[in-house]
Amino acid sequence: MQDLIIATIPLLIALTISCFRYHRLEPRWLRLFTWFLMVTFIIQTSGYFYSLAFKKSNHFIFNLYTLIEYTFYPYIFSKTVKAAFTKKLIKIALLAFVLFYIYQIFLQEQFFIYNSLTSNIGEFLTLICCLCYFADLLMDDELIVFFNTPMFWITTGIMFATVGDFLYMSFFNYIMNNNLDQDGHIYSIMETALSIIEYSFFCIGFSCKKTWIKVS
């Protein structure tokens, strides 16, 4: 319970800031983060209390969240990047991920078993999107002040969290098979630290306003 509270506080702070600044978030699609954070909070708390109340696995809840999280981020990046080819590539990759998810979770009957492979693919796709965004930012015709750009901070937060998750999930089966984190303490500590880092960057992103200088 303590880990849940500690991990949830930065999420709630980021959600609160995004709510207060909701109508000032530009471009308009940045406002989708408010709803995404709300869904994230609901899923995290419901997953914990479901397991606590019914003494059953909550894996199906987080399997559903995998689809929500790793379709939301690529969608946002497809709106963010300017290069037409990159936009198209992200959309194709997103469609491929959804099809892969359906195959793994439903056709392979993995709905009630946590599917680390699906998470890995989603995390890898998100990392690629982050790199595409940074590349697009560096090649922009406008001289952008990165530290005043909301998506710069948000993407940095996403990247920190995704890299941490990706490394753990890449070795998930090995860790479980060798009882290296049987009680999930290492994962819990890691997730708490990553949550604090990620949502701290989100808070900065929601609080700043993009500025740029046109290059002649």
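Use the structure listed above.
Position labels on residues start from 1 in each chain and follow its written sequence. In keeping with the predicted nature of the model, local features appear solely for residues at pLDDT of at least 70, side-chain atom pairs appear and are counted solely at 80 or more, and the whole-chain, interface and lining totals rest on all residues. Think of the side-chain values as coming from all heavy atoms in the structure, minus any hydrogens and water.

## Side note on the packing of aromatic side chains
For step 1, the next point in the chain: The aromatic pairing rule takes the rings of Phe, Tyr and Trp, using the six-membered ring of Trp, and pairs them if the centres are within 6.5 Å, calling planes under 30 degrees apart stacked, those over 60 edge-to-face and the rest tilted. Taken as a whole, this structure holds 27 aromatic pairs when the rule is applied.
For step 2, the next point in the chain: Ring geometry for Y48 versus F49: centroids 5.2 Å apart, planes at 80 degrees, classification edge-to-face.
For step 3, the next point in the chain: The classification of residues rests on relative accessible area computed with a 1.4 Å probe and restricted to protein chains. Under 20% of the type maximum is buried, over 50% is exposed, and intermediate values are partly exposed. Relative accessible area serves as the criterion here: at 25%, Y48 is assigned to the partly exposed category.
For step 4, the next point in the chain: Consider the rings of F124 and F166, whose centres lie 6.4 Å apart with planes at 35 degrees: the pair is tilted. Of the two residues, F124 is situated in helix 5 (residues 116-138) and F166 in helix 6 (residues 150-170); the sequence distance between them amounts to 42 residues.
For step 5, the next point in the chain: Here F166 falls in the partly exposed class, since its relative accessible area comes to 23%.
For step 6, the next point in the chain: By the ring-pair criterion, three or more aromatic residues cluster together here, those being F33, F36, Y65, F72, Y73, Y199, F202 and F206.
For step 7, the next point in the chain: Comment: the charge-over-ring label is applied if NZ (Lys) or CZ (Arg) is within 6 Å of the ring centre and within 35 degrees of the ring normal. Here the guanidinium or amino end of R31 rests over the ring plane of Y22, the centre of that ring lying 5.8 Å away. Working definition: helices are DSSP H or I runs of at least four residues, strands are E runs of at least two. Numbering for both runs from the N terminus.

## Details of the environment of I186
For step 1, the next point in the chain: Tracing the sequence through the fold places I186 in helix 8 (residues 185-207).
For step 2, the next point in the chain: Through-space distance from the C-alpha of I186 to that of E109 is 28 Å; in sequence the pair is 77 residues apart.

## Here's the deal with helix 5
Each turn of an α-helix holds 3.6 residues, which means side chains three or four residues apart point in the same direction.
For step 1, the next point in the chain: Taking 1.5 Å per residue as the helical rise, helix 5 with its 23 residues ought to reach 33 Å, and the 33 Å between its terminal C-alpha atoms agrees with that figure.
For step 2, the next point in the chain: Here a polar contact is recorded for every N or O atom pair within 3.5 Å, except that within protein the pair must consist of a potential hydrogen donor and a potential acceptor, and residues adjacent in sequence are included only if both atoms are side-chain atoms. Measuring from the backbone nitrogen of L117 back to the side-chain oxygen at the start of helix 5 gives 3.2 Å, which picks out N115 as the cap. Multiplying one less than the number of residues by 1.5 Å gives the expected span of a helix.

## Side note on the packing of helix 3 (residues 59-80) against helix 6
Packed helices, taken two at a time, are described by the angle their axes make and the gap between the axes.
For step 1, the next point in the chain: For helices, the fitted line uses only the C-alpha atoms of the stretch in contact; every axis is such a line through C-alpha atoms, and the angle between N-to-C directions lies from 0 to 180 degrees. Two elements in contact, helix 3 and helix 6, have axes whose closest approach is 13 Å; the angle formed by their N-to-C orientations is 150 degrees. Between helix 3 and helix 6, the interaxial angle falls into the category roughly antiparallel. As for how helix 3 packs across helix 6, the hand of that crossing is left-handed. Side by side, helix 3 and helix 6 meet where Y73, I76, F77 and T80 of the first sit next to M151, T155 and I158 of the second.
For step 2, the next point in the chain: Throughout, the ten residues Ala, Val, Leu, Ile, Met, Phe, Trp, Tyr, Cys and Pro are labelled nonpolar, Asp, Glu, Lys and Arg are labelled charged, and all others, Gly among them, are labelled polar. Split into classes, the residues belonging to the contact of helix 3 with helix 6 amount to five nonpolar, two polar and no charged. Put simply, angles under 35 degrees are roughly parallel, angles over 145 are roughly antiparallel, angles from 65 to 115 are roughly perpendicular, and the rest are oblique. By convention the crossing between two helices is left-handed if the near helix lies anticlockwise of the far one by an angle smaller than a right angle, and right-handed if it lies clockwise. Contacts are assigned to residue pairs with any non-hydrogen atoms lying within 4.5 Å of each other.

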